[in-house]
Amino acid sequence: RTFDEGGDASEPTQRSQQGTLLLLRALRYIQGAYPFWNASGGADHVWLMLHDEGPCFAPRAIRPSILLTHYGYWAASPRA
């Protein structure tokens, strides 16, 4: 079984929306292929996010999980 990350032409093209759709497709695959995901509702699983804003766009279905990301912003004098 393989995970197909392809979308279709009717899907939104914004990066944040595409990222969310990709995570939802991955979640559906994981839930079907590895039923133990459902034992904890994902709370004991880790998702790697590629951008510092990645968890902001994470779908609700994976938010009980650990969302691991880097914080890529750096400045000598941090701004609020």
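In what follows, the accompanying structure is described. Note that the structure is predicted; figures quoted are calculated from it, not measured.

## Structural notes on the overall build of the chain
A tally of regular secondary structure across the chain gives one helix and two strands. For the chain, the α and β elements follow one another from N to C terminus as α-β-β. For the chain, buried positions account for 21% of its 80 residues. Considering only contacts in the chain between residues 6 or more positions apart, those separated by 24 or more positions represent 26%. When the accessible area of the chain is evaluated, it comes to approximately 6,000 Å², of which 59% is carbon and sulfur surface.

## Observations regarding a nonpolar patch on the surface
On the surface, a nonpolar cluster with roughly 390 Å² of combined accessible area is contributed by V46, L48, I66 and L68. The set of elements that each furnish at least two residues to the nonpolar patch consists of β1 (46–48) and β2 (66–68). Assignment of secondary structure puts V46 in strand β1.

## A word on the packing of aromatic side chains
Inspection of the entire model under this criterion finds three aromatic pairs. Considering the side-chain rings of Y29 and Y34, the 6.5 Å spacing of their centres and the 80 degrees angle between planes classify their relative orientation as edge-to-face. Measuring from ring centre to ring centre gives 6.0 Å for W37 and W47, while their planes differ by 85 degrees; the resulting arrangement is edge-to-face. Residue W37 is found in the loop between α1 (15–33) and β1, and its partner W47 is found in strand β1; the two are separated by 10 residues along the sequence. This pair shows no difference in class: W37 is buried, exactly as W47 is.

## Digging into the nonpolar core
Within the largest apolar cluster, eight residues are counted, these being L23, A26, L27, W37, W47, M49, A58 and I62. Ignoring any residue separated from it by four or fewer positions in sequence, one finds M49 in contact with L23, G54, P55, A58, I62, L67, L68 and T69.

What counts, and at which threshold
Residues numbered from 1 in each chain as written. Predicted model: local features only at pLDDT ≥ 70, side-chain atom pairs only at ≥ 80, totals over all residues. Heavy atoms only, no water. Helix = DSSP H or I, 4+ residues; strand = E, 2+ residues; numbered from the N terminus. Buried < 20%, exposed > 50% of the residue type's maximum accessible area, 1.4 Å probe, protein only. Contact = heavy atoms within 4.5 Å. Areas by Shrake-Rupley, 256 points an atom, 1.4 Å probe, with all protein chains shown as cover. Patch = residues over 30% accessible without salt bridge, like charges linked within 9 Å, V, L, I, M, F, W, Y side chains within 5 Å. Salt bridge = Lys/Arg side-chain N within 4 Å of Asp/Glu carboxyl O. Phe/Tyr/Trp six-rings, centres within 6.5 Å; stacked < 30°, edge-to-face > 60°. Core = buried A, V, L, I, M, F, W, Y, C linked by side-chain atoms within 4.5 Å.

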